[in-house]
Amino acid sequence: MRLQALTRAENVCEESFSGTVDSVFRQAVNIRTDNGAWFCLLTADLPNAPWSVRVAVPDGFSFQDYVGAARRMACRGGILRVHGAAIAIDLRPSTVWKVALAQLRADLARPEVRRAWRVARRGLGCSPGVRFPVAGARRMTRIAHTARELIGVGPGLTPAGDDFLVGLLGGLWSACGDAPDRRVFLADVARDIVSVARRTVAVSHAFLVAAAEGLVAQPLVDLAAAISAGSGTDSVRPKLHRITEMGATSGRCAGLGLLAGMAYWYRPLDRPTLRGST
């Protein structure tokens, strides 16, 4: 069976590479490439994400019926094959999915943006048993310390603390604009987080590295865009629903991180916070 790729993340190329299947789920295959990178195959009903390729599949399809863990794989000429599997993935028709968080200009000083932020904050509720730092983070502990405290901590296939840091980086990207001081700060934060990311599981490490470069999953991008545009409740809530569908805890934790990052530079007396996120 030959399957057609629909979209691929901008940090995924279709050049020749090889690797080993790390884990297999009904809708996803995680692959560790020989050069140490991470690569995911996703069914089309899952959203775009860094390091991923979304694939058109027939009804009732499950990767688990075709692909086994620890199998070798290779991509040659834009065709990805897994050794011993009766399927091949054609990457050539895929379009590149790009993220433009830095163009969003999330500015919580604008009342309509602040209202949309608060709708999202109420909708995300509490984090799953992990204490996350308060937003409006000039009073947040130094980011490097925060990263060390959160890396690998909490429940989930990707630990909750890692998910928060992915969202935090995405939120900072959406709020930095062209301000040179914010860009320098963001580069420092990204370096601090990536420096400790190797302490966690491989898939979290890959997503943290991508987030440091401004690449996060589509539902986070969509929520950031809705907030940045000052969208109303009816527009923000569907974005929240897509985020909470991202795993048992991952979406909610990443969403809280996104809001923290978006609020970092906002410093009024009445500052929006993530209080109650424990």
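Here, every reference points to the structure presented above.
One numbering rule holds for all chains: residues counted from 1, following each sequence as written. Local features are withheld for residues below a pLDDT of 70 in this predicted model, meaning they are given only at 70 or higher, and side-chain atom pairs are given and counted only at 80 or more; totals for whole chains, interfaces and linings count all residues. As a convention, hydrogens and water are excluded, and side-chain values are obtained from all of the structure's heavy atoms.

## Description of helix α6 (residues 218-228)
Given 3.6 residues to a turn, an α-helix orients residues that are three or four positions apart in the same direction.
Turning to step 1, where the next piece is worked out: For α6, a buried count of 9 out of 11 residues is recorded, marking the element as mostly surrounded by other parts of the structure.
Turning to step 2, where the next piece is worked out: When we look at burial in α6, the residues that qualify are Gln218, Pro219, Leu220, Val221, Leu223, Ala224, Ala226, Ile227 and Ser228.
Turning to step 3, where the next piece is worked out: The inward-facing, buried residues of α6 contact β9 (95-97), α1 (111-124), α3 (160-176), α7 (233-244) and α8 (250-262).
Turning to step 4, where the next piece is worked out: Labels follow the DSSP assignment, with helices taken as runs of H or I lasting at least four residues and strands as runs of E lasting at least two, numbered in each case from the N terminus. Positive phi appears at Gly230, one or two residues downstream of α6, with a value of about 70°. Any residue under 20% of the maximum accessible area for its type is buried, any over 50% is exposed, and the rest in between are partly exposed; the area is computed with a 1.4 Å probe on protein chains only. Note on definitions: a residue-residue contact is assigned when non-hydrogen atoms from the two residues lie within 4.5 Å.

## Looking at empty space enclosed by the protein
Turning to step 1, where the next piece is worked out: Both site types are read off a 1 Å grid over the protein atoms alone. A 1.4 Å probe that fits but cannot get out defines a cavity, while an open set with protein on both sides within 12 Å along at least five of seven lines defines a pocket; lining residues have an atom within 4 Å of a point. Grid points are joined across faces, edges and corners, and a volume is the space filled by probe spheres set on the points. Within the structure shown, the criterion is met by 1 cavity of 30 Å³ or more.
Turning to step 2, where the next piece is worked out: Considering only enclosed or pocket space, the largest cavity measures out at about 40 Å³ in volume.
Turning to step 3, where the next piece is worked out: Lining the largest cavity are Val29, Leu41, Phe63, Val67, Leu80, Arg81, Val82, Ile87, Ala88 and Ile89.
Turning to step 4, where the next piece is worked out: Going through the elements one at a time, β7 (79-82) and β8 (88-90) are the ones with two or more residues in the lining of the largest cavity.
Turning to step 5, where the next piece is worked out: Of the residues forming the lining of the largest cavity, the biggest block, 3 residues, is contributed by β7.
Turning to step 6, where the next piece is worked out: Side-chain classes are defined by residue name, with Ala, Val, Leu, Ile, Met, Phe, Trp, Tyr, Cys and Pro counting as nonpolar, Asp, Glu, Lys and Arg as charged, and the others, Gly among them, as polar. Residue composition of the lining of the largest cavity, grouped by class: 9 nonpolar, no polar and 1 charged.

## Concerning the packing of α1 against α7
Turning to step 1, where the next piece is worked out: Where α1 meets α7, the closest approach of the two axes is 10 Å, and the angle between their N-to-C directions is 40°. Relative to α7, α1 is oriented oblique. Handedness of the crossing formed by α1 with α7: right-handed. Along its contact with α1, which presents Ala116, Val119, Ala120, Gly123 and Leu124, the element α7 presents Thr233, Val236, Leu240 and Ile243.
Turning to step 2, where the next piece is worked out: Class assignment of the residues belonging to the contact of α1 with α7 gives a composition of 7 nonpolar, 2 polar and no charged. Note on geometry: axes are C-alpha line fits, over the in-contact stretch for helices, and angles between N-to-C directions span 0 to 180 degrees. Each angle gets one of four labels, with under 35 degrees taken as roughly parallel, over 145 as roughly antiparallel, 65 to 115 as roughly perpendicular, and the rest as oblique. Definitions for this section: a left-handed crossing has its near helix turned counterclockwise from the far helix by less than a right angle. A right-handed crossing has that turn clockwise.

## A word on the pattern of salt bridges
As a working rule, side chains carrying opposite charge can pair if their charged atoms are close by.
Turning to step 1, where the next piece is worked out: Here a salt bridge means any side-chain nitrogen of Lys or Arg lying within 4 Å of a carboxyl oxygen belonging to Asp or Glu. Scanning all chains against the criterion turns up 7 salt bridges.
Turning to step 2, where the next piece is worked out: Note that Arg191 is salt-bridged to Asp188, the shortest N-O span being 2.8 Å. Taken together, the positions of Arg191 and Asp188, both in helix α4 (residues 180-197) and 3 residues apart, correspond to about one turn of that helix.

## A look at the side chain of Ser18
Turning to step 1, where the next piece is worked out: When you line up the elements, Ser18 lands in strand β2 (residues 17-24).
Turning to step 2, where the next piece is worked out: With relative accessibility at 18%, the residue Ser18 sits in the buried group.
Turning to step 3, where the next piece is worked out: A polar contact is formed between the side chain of Ser18 and the side chain of Asp34, at a distance of 2.7 Å.
Turning to step 4, where the next piece is worked out: When neighbours within four sequence positions are excluded, Ser18 is seen to be in contact with Thr33, Asp34, Arg72, Met73, Ala74 and Arg76. Between N or O atoms, a polar contact is any pair within 3.5 Å; within protein, one atom must be a potential hydrogen donor and the other a potential acceptor, and residues adjacent in sequence are included only when both atoms are from side chains.

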